Amino acid sequence: MNLIVAVDKNWAIGKNNKMMWSIPADMRFFREKTTGHVIVMGRKTLESFPNGLPLKQRTNIVLTANRDYRVKGAMVVNTMDELLERLRAYEPQDIFVIGGESIYRQLLPYCDTAYITKIDHAYDADTYFPNLDELPEWTMTEVSEEQTSFDLEFVFSKYEKI
């Protein structure tokens, strides 16, 4: 299973259920990686999308404890066991975990590849992704040349579980 996330230099991913940056190249990278695949997210991540709607051209699966939650165009599951059972129908390389913080933390042990956009800036944040540089089972296997969007410098990196 894969995960995909953009982080700042402190591995922050958001504040008040919003991303703190807008980098067109990162959004393009996300689209290219996830289109045609399965994306797994929490309810708050889904609700942060435009109009709170699932992303097109992807199989959207939402994990939420709210048993009454329904959304057109997405599968809703209520437990980790139910999610893992549902994911068995797909090839692991076709699954992308896309957030938020608690979903990333719960599913990180099941992932073997992480696509991380690293932004060279520190933001005031309230949600964070685990720092893969501090986890001995993860190693960075690829990193792009540094790129710039507006005044932000960033790289695309790939981590793999050893």
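S.K.: I'm lost on the nonpolar core in this one. Help?
M.R.: Grouped burial of nonpolar side chains is what soluble globular proteins tend to show. Counting 28 residues, the largest nonpolar core has Leu3, Val40, Leu83, Ile116, Phe129 and Leu132 as its most contacted members. Mapped by element, the contributors of at least two residues to this core are β1 (2-7), β3 (38-42), β4 (59-63), α3 (80-87), β6 (95-99), α4 (101-107) and β7 (113-119). Sorting elements by how many residues they give to this core places α3 first, with four residues. If we skip the residues at most four places from it in the chain, valine 40 touches Ile61, Leu83, Leu87, Ile95, Phe96, Val97, Ile98, Gly99, Ile103 and Leu107.

S.K.: I keep staring at the environment of methionine 140 and nothing clicks. Help me out?
M.R.: Looking at where methionine 140 falls in the secondary structure, it is placed in strand β9 (residues 138-143). Separated by 18 residues in the primary sequence, methionine 140 and lysine 158 place their C-alpha atoms 5.7 Å from one another. When neighbours within four sequence positions are excluded, methionine 140 is seen to be in contact with Lys118, Ser157, Lys158 and Tyr159.

S.K.: Hey, could you run me through the side chain of arginine 58 in this one?
M.R.: By the element assignment, arginine 58 lies in the loop between α2 (43-47) and β4. Separated by 2.8 Å, the side chains of arginine 58 and threonine 34 make a polar contact. In contact with arginine 58, other than residues within four places in its own chain, are Phe30, Arg31, Thr34, Thr35, Gly36, His37 and Ile39.

S.K.: I keep staring at helix α1 (residues 24-34) and nothing clicks. Help me out?
M.R.: Since the α-helix advances by 3.6 residues per turn, residues separated by three or four positions end up pointing in the same direction. All of the buried residues in α1 are Ala25, Asp26, Phe29, Phe30 and Thr34. Down the axis of α1, the sector holding all buried residues measures 150 degrees, keeping them to one side. Next to the buried residues of α1 lie β1, β3, β6, β7, β10 (147-149) and β11 (152-161).

S.K.: What's the story with α3 in this structure? I'm lost.
M.R.: Along α3, the positions that sit buried rather than exposed are Met80, Leu83, Leu84 and Leu87. The buried residues of α3 occupy an angular sector of 95 degrees when projected down its axis, which confines them to one face. The elements touched by buried residues of α3 are β3, β4, β5 (74-77), β6 and α4.

S.K.: I would appreciate a short explanation of the pairing of β4 in the present structure.
M.R.: Most of β4 is tucked away: four of the five residues are buried. Of the pairings in the sheet, the one linking β3 to β4 comprises five bridges and is parallel in character. Residue pairing in the sheet places valine 40 in a bridge with isoleucine 61 of β4. When β4 meets β5, the two strands line up parallel, connected through four bridges. Paired with valine 62 across the two strands is valine 76, which belongs to β5.

S.K.: What is the right way to look at the packing of aromatic side chains in this model?
M.R.: The geometry of an aromatic ring pair is captured by the separation of the ring centres together with the interplanar angle, meaning the angle of the planes. Within the structure shown, the criterion is met by eight aromatic pairs. Between the aromatic rings of tryptophan 21 and tyrosine 123, the centroid separation amounts to 5.1 Å while the plane-to-plane angle is 55 degrees, which identifies the pairing as tilted. Of this pair, tryptophan 21 sits in the loop between β2 (12-14) and α1 while tyrosine 123 sits in the loop between β7 and β8 (127-128), and the two are 102 residues apart along the sequence. No difference in accessibility class separates tryptophan 21 from tyrosine 123, as the two residues are buried.

S.K.: Just checking my understanding: could you explain the pattern of salt bridges for this structure?
M.R.: Pairing is possible between side chains that carry opposite charge, provided their charged atoms lie close to one another. Per the stated rule, a full pass over the model turns up seven salt bridges. As a salt-bridge pair, lysine 15 and aspartate 124 come within 2.4 Å of each other at their nearest N and O atoms. In this pair, lysine 15 sits in the loop between β2 and α1 while aspartate 124 sits in the loop between β7 and β8, placing the two residues 109 residues apart along the sequence. For the salt bridge of glutamate 85 with arginine 88, the shortest nitrogen-to-oxygen distance reads 2.1 Å. Relative accessible area serves as the criterion here: at 49%, glutamate 85 is assigned to the partly exposed category.

Parameters and conventions
In every chain, residue numbers begin from 1 and rise along the written sequence. Local features are withheld for residues below a pLDDT of 70 in this predicted model, meaning they are given only at 70 or higher, and side-chain atom pairs are given and counted only at 80 or more; totals for whole chains, interfaces and linings count all residues. Derived side-chain values reflect all non-hydrogen atoms in the structure, with water molecules and hydrogen atoms excluded from consideration. Grouping buried Ala, Val, Leu, Ile, Met, Phe, Trp, Tyr and Cys residues that are joined through side-chain atoms within 4.5 Å yields what is termed a nonpolar core. Categorising residues by exposure relies on relative accessible area from a 1.4 Å probe, with only protein chains included: less than 20% of the type maximum marks a residue as buried, more than 50% marks it as exposed, and the intermediate range marks it as partly exposed. The helix and strand labels rest on DSSP assignments: H or I over at least four residues marks a helix, E over at least two residues marks a strand, and numbering proceeds from the N terminus. By definition in these notes, contact holds between two residues if any of their heavy atoms fall within 4.5 Å. Between N or O atoms, a polar contact is any pair within 3.5 Å; within protein, one atom must be a potential hydrogen donor and the other a potential acceptor, and residues adjacent in sequence are included only when both atoms are from side chains. Arc definition: it is the arc formed by the directions from the helix axis to the C-beta atoms. In this description, strands pair whenever DSSP reports at least two bridges between them. In summary, the pairing rule links any two rings of Phe, Tyr or Trp, Trp by its six-membered ring, whose centres are within 6.5 Å, and it sorts them by plane angle into stacked for under 30 degrees, edge-to-face for over 60 and tilted for everything else. The term salt bridge refers to a pairing of a side-chain nitrogen on Lys or Arg with a carboxyl oxygen on Asp or Glu at a separation within 4 Å.

The analysis is restricted to geometry; functional conclusions fall outside its scope.
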